[in-house]
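The chain contents come next:
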Amino acid sequence: VSFLVRANVAAVIAARTLGLPVVISERAQLSTHLEGKRKGWRVWASKVVPRLTYPRANHVIAVSEGVKLDLIEEFGVRADRVTSIPNPYDMERIQRDGQAAAEIALPPRFIVSVGRLVDSKGFADLIDAYAIARPAMPLVILGDGPEREALAAKVDSYGLKEWVKFGGYVRNPFAVVSRADLFVTASHCEGFPNALAEAMALGVPVVATDCPSGPAELLDEAQATGARDVYSARHGLMAPVGQPTALARALEQMSDEQMRREYGQRARLRMAAYGLAPITERYWSLIAAVCDSAGRLRTDAARPQPSAAEAPQPAA
């Protein structure tokens, strides 16, 4: 069992050489992910190896329906050999960490966004949208990355240095996010948006771009909304990718306290479907089926349930 592109390629080659069944898991919308990292012929070259190896896995786990469709259409994986299983979340731990003291000083009320400061996360679009909307609450951005200086310069150019704060990397982002009035993400692409899901688990209302893939599945229970403007999804507001003006309108709409309260309640209820136990069982059931079809013996003792201490750690 493997995760991430290079590990997946290596696992397929090794398993086929050794005559073992192999399950690989793709965590990103691979086409968009590769195009964001490379240009020109390098994009084509980087797609060749997954196209040659992924279809030879016994089964592929996609982290979302959008990732699943991309693997089928762009990488030649047979539809009956790919299954969508979303990320699991330890709701009790997220709630507990959300009640801890924050590591950084926070304004009484604020909007928060979390992620690596790289182009694909759309922080430049978010700052543009914030400058257009001029909400009454400051914007706190958690995370670090190579785009930090450029983003800080953009904030300065708008005269928003006192309104947009860069909180950097924090060990416990939940303690910050839980105290926010609104969570917003302007990502251009995702596999499955962990920071968005974690904010929802904390009952924070959210605004997200309708990027491939994952946000629409979380917020509207659909692969994508197809909206060209602000879209009122079931569990949050959505805006088109790369359109700061539309994102600004979503921020303006979320200035309504009653709307935020209602969407916060919906967000928390939505995350009940992403607990540890049901997602874990889906993994073990699929792995067992692959082993059975490959003629490998298995026992129920090989299906442990993770404790809260063994749960995946959140990314800041």
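Whatever comes next refers back to the structure up there.
Each chain carries its own residue numbering, running from 1 in the written order of its sequence. The predicted nature of this model means local features are confined to residues of pLDDT at least 70 and side-chain atom pairs, given and counted, to a pLDDT of 80 or more, with totals for whole chains, interfaces and linings taken over all residues. Hydrogen atoms and water are omitted, and side-chain values are computed over all heavy atoms in the structure.

Enquirer: So what exactly am I meant to see when it comes to the sheet that holds strand E3 (residues 59-62) here?
Expert: To summarise the sheet geometry, strands pair through backbone hydrogen bonds and adopt either a parallel or an antiparallel arrangement. Read across the open sheet, the four strands follow the order E1-E2-E3-E4; overall the sheet is parallel. Two strands lie at the open edges of the sheet, namely strand E1 (2-3) and strand E4 (82-84), each paired on one side alone. Taken together, the two bridges between E1 and strand E2 (residues 23-26) define a ladder with parallel strand orientation. Across the sheet, phenylalanine 3 pairs through a bridge with serine 25, a residue of E2. Should any heavy atoms of two residues lie within 4.5 Å, those residues are considered in contact. For helices, the axis comes from a line fit to the C-alpha atoms of the stretch in contact; other axes are also lines fit to C-alpha atoms, and the angle between any two N-to-C directions lies between 0 and 180 degrees. The way it works is that DSSP assigns letters per residue, a run of H or I at least four long becomes a helix, a run of E at least two long becomes a strand, and they are numbered from the N terminus. Along the sheet, helix H13 (residues 276-293) makes contact with E1, E2, E3 and E4, crossing E3 at roughly 165°. For two strands to count as paired, DSSP must find a minimum of two bridges between them.

Enquirer: Which parts of the structure should I look at to understand the side chain of serine 84?
Expert: Checked against the element boundaries, serine 84 lands in strand E4. Each residue is placed in one exposure class: buried if its accessible area under a 1.4 Å probe, protein chains only, is under 20% of its type's maximum, exposed if it is over 50%, and partly exposed if it falls in between. For serine 84, a relative accessible area of 9% puts it in the buried group. Identification of polar contacts relies on pairs of N or O atoms within 3.5 Å, with a donor-acceptor requirement for protein atoms, meaning one able to donate a hydrogen and the other able to accept it, and with residues adjacent in sequence counted only if both atoms are side-chain atoms. A distance of 3.4 Å separates a polar side-chain atom of serine 84 from the backbone nitrogen of glutamate 65. Those residues within four positions of serine 84 in sequence are excluded, and the remaining contacts are Ala62, Val63, Ser64, Glu65, Lys68 and Arg282.

Enquirer: How should I be thinking about the packing of helix H6 (residues 123-133) against helix H7 (residues 148-157) in this particular structure?
Expert: A pair of packed helices can be characterised by two numbers: the angle between their axes and the separation between those axes. Look at H6 against H7: their axes get within 10 Å of each other, and the N-to-C directions meet at 10°. Classed by the angle they form, the pair H6 and H7 counts as roughly parallel. Taken together, the residues of H7 that come into contact with H6 (itself represented by Phe123, Ala124, Ile127 and Asp128) are Leu151, Lys154 and Val155. Across the contact of H6 with H7, the residue classes break down as five nonpolar, no polar and two charged. Here roughly perpendicular refers to angles of 65 to 115 degrees, roughly parallel to angles under 35, roughly antiparallel to angles over 145, and oblique to all remaining angles. Gly falls in the polar group here, along with every residue not listed as nonpolar (Ala, Val, Leu, Ile, Met, Phe, Trp, Tyr, Cys, Pro) or charged (Asp, Glu, Lys, Arg).

Enquirer: I would appreciate a short explanation of the packing of H6 against helix H11 (residues 244-253) in the present structure.
Expert: Put simply, H6 and H11 touch, their axes get as near as 8 Å, and they point 55° apart. With respect to H11, the element H6 is oriented oblique. Regarding H6 and H11, the two cross each other, and that crossing is right-handed. Residues Asp125, Leu126, Asp128, Ala129, Tyr130, Ile132 and Ala133 of H6 touch H11, and the partners they reach there are Pro244, Thr245, Leu247, Ala248, Leu251 and Glu252. Across the contact of H6 with H11, the residue classes break down as nine nonpolar, one polar and three charged. Here a crossing is taken to be left-handed if its near helix is turned anticlockwise relative to the far helix by less than a right angle, and right-handed if that turn runs clockwise.

Enquirer: What am I meant to see in the sheet that holds strand E11 (residues 237-239) here?
Expert: Across the sheet, which stays open at both edges, the seven strands sit in the order E7-E6-E5-E8-E9-E11-E10 with mixed pairing between neighbours. Single-partner strands in this sheet number two, and they are strand E7 (164-168) and strand E10 (231-232). Relative to strand E9 (residues 206-209), strand E8 (residues 182-185) runs parallel, the two being bridged by three bridges. Bridge pairing links phenylalanine 183 to valine 206 in E9.

Enquirer: Even after reading the chapter, I still don't get the side chain of aspartate 220, so can you show me in this structure?
Expert: Mapped onto the elements, aspartate 220 comes out in helix H10 (residues 215-220). Although aspartate 220 is buried, it forms no salt bridge, and the closest oppositely charged side chain is arginine 234 at an N-O distance of 4.4 Å. Reaching out from aspartate 220, the side chain makes a polar contact with the side chain of tyrosine 231 at a distance of 2.9 Å. Every residue in contact with aspartate 220, bar those within four places of it in the chain, is listed here: Pro215, Thr225, Tyr231, Ala233, Arg234 and His235. All tallies of charge rest on Lys and Arg as positive and Asp and Glu as negative; His and the ends of each chain are not included. A pair is scored as a salt bridge if a Lys or Arg side-chain nitrogen falls within 4 Å of a carboxyl oxygen belonging to Asp or Glu.

Enquirer: In this structure, what is going on with the pairing of E2? I would like to understand it.
Expert: Two faces belong to every sheet, and in a regular strand the side chains alternate between them. Neither face of E2 is left uncovered, since the one carrying Val23 and Ser25 and the one carrying Ile24 and Glu26 both have all their residues buried. The handedness of a crossover follows from its direction of travel: if, with the strands pointing away from the viewer, the path from the first strand over the helix to the second runs clockwise, the crossover is right-handed. Assessed by its sense of winding, the connection that carries the chain from E1 through helix H1 (residues 5-18) to E2 is right-handed. Here E2 pairs with E3 via four bridges, running parallel. Following the sheet pairing, valine 23 is matched in E3 by histidine 59.

Enquirer: What is the right way to read the pattern of salt bridges from this model?
Expert: A side chain of one charge can pair with a side chain of the opposite charge when the charged atoms of the two come close. All chains considered together, the criterion is met by 13 salt bridges. The residue arginine 261 makes a salt bridge to glutamate 257 at a minimum N-O spacing of 3.4 Å. Remark: glutamate 257 and arginine 261 occur in helix H12 (residues 257-270); sequence separation between them is four residues, near one turn of the helix. For arginine 266, the salt bridge goes to glutamate 262, with nearest N and O atoms at 2.2 Å. Of this pair, arginine 266 and glutamate 262 both sit in helix H12, four residues apart, which is roughly one turn of the helix. Classification of arginine 266 by relative accessible area gives partly exposed; the value is 31%. Salt bridges sharing partners connect three or more residues here, namely Arg109, Asp181 and Arg260.

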